[in-house]
Amino acid sequence: MFRRAMMSPAFVLLLLLGFSVRLSQTMTRDEKHRLRNQVVEMFDHAYQNYMDHAYPADELMPLTCRGRVRGLEPSRGDVDDALGKFSLTLIDTLDTLVLLNKTAEFEEAVKRVLKDVRLDNDIVVSVFETNIRVLGGLLGGHSMAVMLKERGERMLWYQDELLHMAKDLGIRLLPAFNTSSGLPYPRVNLRHGVQGPETRTGTETDTCTACAGTIILEFAALSRFTGDPVFEAHARRAMDFLWEKRQRNSNLVGKTINIHSGEWVCRDSGVGAGIDSYYEYLLKAYILLGDDQFLQRFNIHYASIMKYISQPPLLLDVHIHKPLLPARTWMDSLLAFFPGLQVLKGDIRPAIETHEMLYQVTKKHNFLPEAFTTDFRVHWAQHPLRPEFAESTYFLYKATRDPYYLEAGRTVLENLNRFARVPCGFAAMKDVRTGSHEDRMDSFFLAETFKYLFLLFAEEDDLPFDVEDYVFTTEAHLLPLSLSMALRSDLPTTDNSTATEELDDSNFEWTCPNTRLLFPDPAYPRNFREPIRSAVDKSCPRPALPREPGIGRAPLRAQDFMANNPEHLELLRRMGVNLIHLKDGRVQLVQHATQAVSAVAAEDGMRFMQEMMELSSQQQKEQLPPRAVQIISHPFFGRVVLTAGPAQFGMDLSKSNLGVRGFVTVAEPYTGCSELSNAEFVAGRIALLQRGQCMFAEKARNIQKAGAIGGIVIDDNEGSSSDTAPLFQMAGDGRSTDDVTLPLLFLFHKEGNILLEALKEHREVEVLLSEKARDRGGDETEEEDCCTEDHSSPAPSADSDQSQFTTQEPNIEEEESEQPEAGLGEETPASAVEEPVEDDDANSQSVDSLMADWQEDLEAFKQMEKDEL
């Protein structure tokens, strides 16, 4: 399943020395008790907000404090396949409630599930996600209900109702297994199955290895709870097929397989996304079911993983046919479960090494990025509050009893509270570099993360039952080991003689290790961790500095900053941030951490810079309605329409039915940054201005003082065009712009040059500034219809997260970090996409030929207007 403030090296060294001394000391029982209670309080915050604001929806949207209902919110693609309108988060959380000693809440939750949840919805869901989250949640809830009933504590009325629901759901998932290979379709309609047009599925040909190989625990448990062998039989068949299709030389499996032919579609192999829980379920199926065959297969796979994929502390994907050839240079966060699995295997040293690498990456970025490179930089910046690192931390502490892992858990807790906690729950991180949030709180956050964190800090007498009597599924649901003693009658027998002869397993132990006896000396794992800590980050990322309550917030927020506010400038100075005014009117932000008044102030400075990047990125991605500059004089007659960007001040053309019409003239000076020398020519006209050297608002005030009725700012970046660069809104200068009453529009260089060429060729050029192009057919001086061009700007693609800092994100690894240019106070930025500068011939192209080229784009522009409406 899937900040570091810059400080002087000496300070970092002293800090880490003090930190390591603290880690060598055993955490007191009182401190563990405090952290355990903190886990419970955090769980209550997340769970209660789900129940108050989202239930019965599947998930909570913590930023908007409402439930996520599939079909009512914009589609997120495959991620939404986990949602089936079956109160996903509540079902996924049932056994967590019991583990955290919330049995009254558990009983109430079960009653709600029985009363409100329907499983016959006409909706297409992921077989994999529905199995591990919903079926697993129902089975885990059933296990807890039976346990409480047998003790006579709670649930005395319970008559296996959750089990009946689980069987109903299992039957609804069975049609997905109707393939020649036995591998399930990746999706199924809960009401209609996979066959027929009403199912809206069943046409897929591929599935991931983990999707097909993470069924056996839940399906086998369902069979043994109910006595119906059909579920376990189907899951075993899928596992058998995957085993048979392994690459026989490397003994590895690929990530994606054709469910009909068995051909590998993606031949990359690893232990992360796409494969992860297949390996997990081989070992855990042996633990739960007692079938030696599963351990045999796991051991063969594990030997190949350690031979080809494991490059301690890294786990790198390889090609199954050429396992010595790396398949990629980055790792995904889902592999963070693997150290925990290695603990179950009894292979502790590589588990310690990989976990330490993951811990250092976590400390560097506050959370484990969804993917990171082999030099431990962010590859994919999201973090949806995944539990895998907490899971491995718990298992390693259980194996070693090293208090170091308690400190790792403390780090997880502090970062969740500091960066992810919001008023309505906990929000996933959209970008771990900036701390921006995403409006999602996945069900696994309650099902898994809080389970493992509670277990990490809890003492044995804090637990309502012995967790050693249960196996954790990949969603951390609890299935009793007593199921291994349940009858397997009517299960098809498998001839394992061929497999036994073919797979020599003499090199493997046939017992699971007693982790309590492995390492009585906590100093043992420390010997493996020290080299990895410096390997992850040569400059040693320091732990987060303690801050006062209200944590993680810099004294100045990016969205509140005004470039000419003296108080704000002083706050920036204290944080080591300087403003440099550039000749083109923009300002550059530069942070020198060593110039900050304190280490905490330096940290606040970095956070301000990160927030500024986030703010810029969000504004850049906004879909802005374009404004129009329409040339309406002879010989254009409204046929030429140029796409323009609006200003955040002045007249709002979207509220004007007529727009502003006038003849254009070039301001002198062209930049408009001082009082105009040709005010008599500008009065009553629309002034043309060049971008740069001063703020947009200053240009507007100068032309307004000269008597202009409007202004058009033309980009000075040759080659820029609305065809390739996203539009932006021209921002004010940090003070009130209520005095600006005329409209101001922005044209990129290409579109602005068209207007300038028209003015050069014709003495008088009249334009209309409006929200959109007007039909000029009714004007007696002009012709019938407007020919217009679609200069709509494309949405950002590869550089969609490029921020106000137009070349790169801040380099937080350097002691002196210089940010690229930022258009503070001038514009709400967009990426400047450069094109080759047009040659002189192109620039001298006649207006008539330009109009001819644009004729064909009329329909496209009209369609754009329809789309906007």
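Everything numeric here is computed off the predicted structure, so don't read it as measured data.

Undergrad: What am I meant to see in the packing of helix H3 (residues 88–99) against helix H5 (residues 127–151) here?
TA: Relative placement of two packed helices is described by the angle separating their axes and the distance separating the axes. Between H3 and H5, the least distance of the axes is 8 Å, while the angle of their chain directions is 35 degrees. In terms of crossing hand, the pair formed by H3 and H5 is left-handed. For the pair H3 and H5, contact is made by Leu88, Ile91, Asp92, Leu94, Asp95 and Val98 and by Arg133, Val134, Gly137, Leu138, Gly140, Gly141, Met144, Met147 and Leu148, respectively.

Undergrad: So what exactly am I meant to see when it comes to the pattern of salt bridges here?
TA: Pairs can form between side chains of opposite charge whenever their charged atoms are close. The full count for this structure, using the stated rule, is 52 salt bridges. Aspartate 168 serves as the salt-bridge partner of arginine 172, at 3.1 Å between the closest nitrogen and oxygen. Of this pair, arginine 172 and aspartate 168 are both found in helix H6 (residues 161–173), 4 residues apart, which corresponds to roughly one turn of the helix. For aspartate 168, a relative accessible area of 29% corresponds to the partly exposed category. For the salt bridge of aspartate 240 with arginine 297, the shortest nitrogen-to-oxygen distance reads 2.9 Å.

Undergrad: It is not clear to me how the packing of aromatic side chains should be interpreted in this structure. Could you clarify?
TA: Centre-to-centre distance and the angle between the planes together describe a pair of aromatic rings. Going through the model one piece at a time under the given rule, you end up with 26 aromatic pairs. Seen from their ring centres, tyrosine 302 and phenylalanine 338 are 6.2 Å apart, and the 25 degrees between their planes marks the pair as stacked. Note that tyrosine 302 is positioned in helix H11 (residues 292–309) and phenylalanine 338 in helix H12 (residues 338–345), a separation of 36 residues in sequence. With relative accessibility at 4%, the residue tyrosine 302 sits in the buried group. With a centroid separation of 5.1 Å and an interplanar angle of 55 degrees, the aromatic rings of tyrosine 394 and phenylalanine 395 are classed as tilted. Each member of the pair, tyrosine 394 as well as phenylalanine 395, carries the same accessibility label: buried. Members of the aromatic cluster, connected to one another through ring pairs, are Phe43, Tyr47, Phe426, Phe445 and Phe450. A cation over an aromatic ring shows up here: arginine 246 above the ring of tryptophan 243, its NZ or CZ 3.8 Å from the ring centre. Above the plane of the ring of tyrosine 405 lies arginine 529, whose end atom (NZ or CZ) is 5.4 Å from the centre.

Undergrad: Please explain the environment of isoleucine 305 as it appears in this structure.
TA: Structurally, the position occupied by isoleucine 305 is in helix H11. Among the residues examined, isoleucine 305 registers a relative accessible area of 1% and is labelled buried. On a C-alpha basis, the gap between isoleucine 305 and asparagine 251 in space is 8.8 Å, while along the polypeptide they are 54 residues apart. In contact with isoleucine 305, not counting residues within four places along its chain, are Leu252, Val271, Tyr279, Ser310 and Phe338.

Undergrad: Would you take a moment to explain the pairing of strand E17 (residues 428–431) for this structure?
TA: Look at any regular strand and the pattern is simple: side chains alternate between the two faces of the sheet. Where E17 and strand E18 (residues 436–438) come together, 3 bridges link them in antiparallel fashion. In the strand pairing of E18, alanine 428 is matched with glutamate 438. Linking E17 back to E18 in an antiparallel pair, the connection comprises 4 residues, with glycine 435 at a positive phi of about 80 degrees.

Undergrad: Can you help me understand the state of the cysteines in this one?
TA: Joining two cysteines, a disulfide is a covalent bond between their sulfur atoms. Inspection of the entire model under this criterion finds 3 disulfides. Each sulfur in the disulfide pair cysteine 208 and cysteine 211 lies 2.0 Å from the other. Between cysteine 208 and cysteine 211, the S-S torsion sits near 90 degrees, and that sign places the bridge as right-handed. Taken individually, cysteine 208 and cysteine 211 each receive the classification buried, so the pair is uniform in this respect. Each sulfur in the disulfide pair cysteine 673 and cysteine 694 lies 2.1 Å from the other. One disulfide, between cysteine 673 and cysteine 694, carries an S-S torsion of -85 degrees and so falls in the left-handed class. Taken together, the positions of cysteine 673 in the loop between strand E25 (660–666) and helix H22 (679–682) and cysteine 694 in the loop between strand E26 (686–690) and helix H23 (696–705) put the pair 21 residues apart, joining distant regions of the chain. Of the two residues examined, cysteine 673 and cysteine 694, each falls in the buried class. Disulfides within the protein chain link the bonded cysteines, taken in sequence order, as 1-4, 2-3, 5-6.

Undergrad: Sorry, what's going on with the sheet that holds strand E12 (residues 330–332) here?
TA: Two modes of strand pairing occur in sheets, parallel and antiparallel, and in both the strands are linked by backbone hydrogen bonds. Taken in spatial order, the 3 strands of this open sheet run E12-E13-E14, and their pairing is antiparallel. A strand with exactly one partner marks an edge of an open sheet, and here the two such strands are E12 and strand E14 (378–380). Neighbour to neighbour, the strand axes of the sheet diverge by 30 degrees on average, direction disregarded. Direction of pairing for E12 relative to strand E13 (residues 371–373): antiparallel, over a ladder of 3 bridges. Bridge pairing in E13 places methionine 331 opposite phenylalanine 372.

Undergrad: Help me out: how do you make sense of the sheet that holds strand E28 (residues 744–747) in this one?
TA: Taking strand neighbours across the sheet as the criterion, the 7 strands line up as E24-E23-E29-E25-E26-E27-E28 in an open arrangement whose pairing is mixed. At either margin of the open sheet sits one strand with a lone partner, and together these are strand E24 (640–644) and E28. The average angle at which neighbouring strand axes cross in this sheet is 30 degrees, direction not considered. The pairing of E25 with strand E29 (residues 766–770) spans 4 bridges and is antiparallel.

Undergrad: Would you take a moment to explain the nonpolar core for this structure?
TA: A general feature of soluble globular proteins is that nonpolar side chains tend to end up buried together. In this structure, Phe106, Leu416 and Phe426 are the most contacted members of the largest nonpolar core, which totals 170 residues. In terms of residue count, H5 provides more of this core than any other element does, 11 residues in total. Not counting residues up to four positions away in its chain, the partners in contact with phenylalanine 106 are Leu94, Leu97, Val98, Gly141, Met144, Ala145, Leu148 and Met155. In this structure, Ala647, Leu676, Ala697 and Leu744 belong to the second largest nonpolar core, which totals 23 residues.

Undergrad: I keep staring at unusual backbone geometry and nothing clicks. Help me out?
TA: Comment: phi is negative for the bulk of residues other than glycine, and the bulk of peptide bonds are trans. With an omega of 10 degrees, the peptide bond running from tyrosine 55 to proline 56 counts as cis. Among the structural elements, proline 56 can be located in the loop between helix H2 (29–53) and strand E1 (59–61). Between glutamate 668 and the following residue, proline 669, the backbone shows a cis peptide bond with an omega angle of 0 degrees. You can see proline 669 is positioned in the loop between E25 and H22. A positive phi angle, near 50 degrees, is found at serine 87, a position not held by glycine. Residue position: serine 87 is located in the loop between strand E2 (66–68) and H3. A positive phi angle, close to 60 degrees, is found at leucine 385, a residue other than glycine.

Undergrad: Which parts of the structure should I look at to understand the packing of H2 against helix H15 (residues 404–420)?
TA: Relative to each other, H2 and H15 sit at 35 degrees, their axes nearing to 11 Å. Pair H2 / H15 crosses with left-handed handedness. Each of Glu31, Lys32, Arg34, Leu35, Gln38, Val39 and Met42 in H2 lies in contact with H15, whose residues at this interface are Leu406, Arg410, Leu413, Leu416 and Asn417. Residue composition of the contact of H2 with H15, grouped by class: 6 nonpolar, 2 polar and 4 charged.

Undergrad: Could you clarify how one ought to interpret the confidence of the model for the protein chain in this entry?
TA: Where the model shows low pLDDT, its predicted coordinates should not be examined in detail. Overall, the prediction assigns the protein chain a mean pLDDT of 81, with 76% of residues at 70 or greater. Predicted confidence is poor over residues 1–24, with pLDDT under 50, and the contacts of this stretch with residues over four places away or in other chains come to 69 contacts.

Undergrad: Would you explain the side chain of threonine 400 in this entry?
TA: Looking at the secondary structure, you find threonine 400 in helix H14 (residues 388–400). A residue is classified by how much of its surface remains accessible, and threonine 400, at 1% relative accessible area, is buried. Among the polar contacts made by the side chain of threonine 400, one reaches the main-chain carbonyl oxygen of leucine 396 at a distance of 2.8 Å.

Undergrad: Would you mind showing me how to read the pairing of E29 here?
TA: Counting buried residues along E29, 5 of its 5 residues qualify, which places the element largely inside the surrounding structure. Where burial is concerned, the two faces of E29 agree: the one with Glu766, Leu768 and Ser770 and the one with Val767 and Leu769 are both buried. In this structure, strand E23 (residues 627–631) lies alongside E29, joined through 4 bridges in antiparallel fashion. Each bridged residue has a counterpart across the sheet, and for valine 629 the counterpart in E29 is leucine 769.

Here is what the cut-offs are and how they apply
- Residues numbered from 1 in each chain as written.
- Predicted model: local features only at pLDDT ≥ 70, side-chain atom pairs only at ≥ 80, totals over all residues.
- Heavy atoms only, no water.
- Axes fitted to C-alpha atoms, helices over the stretch in contact; angles between N-to-C directions.
- Helix = DSSP H or I, 4+ residues; strand = E, 2+ residues; numbered from the N terminus.
- Left-handed = near helix turned anticlockwise from the far one by under 90°.
- Contact = heavy atoms within 4.5 Å.
- Salt bridge = Lys/Arg side-chain N within 4 Å of Asp/Glu carboxyl O.
- Buried < 20%, exposed > 50% of the residue type's maximum accessible area, 1.4 Å probe, protein only.
- Phe/Tyr/Trp six-rings, centres within 6.5 Å; stacked < 30°, edge-to-face > 60°.
- Lys NZ or Arg CZ within 6 Å of the ring centre and 35° of its normal.
- Pairing = 2+ DSSP bridges.
- Disulfide = S-S within 2.5 Å.
- Core = buried A, V, L, I, M, F, W, Y, C linked by side-chain atoms within 4.5 Å.
- Nonpolar A, V, L, I, M, F, W, Y, C, P; charged D, E, K, R; others polar.
- pLDDT = per-residue confidence, 0-100.
- Polar contact = N/O pair within 3.5 Å; in protein donor to acceptor, adjacent residues only side chain to side chain.

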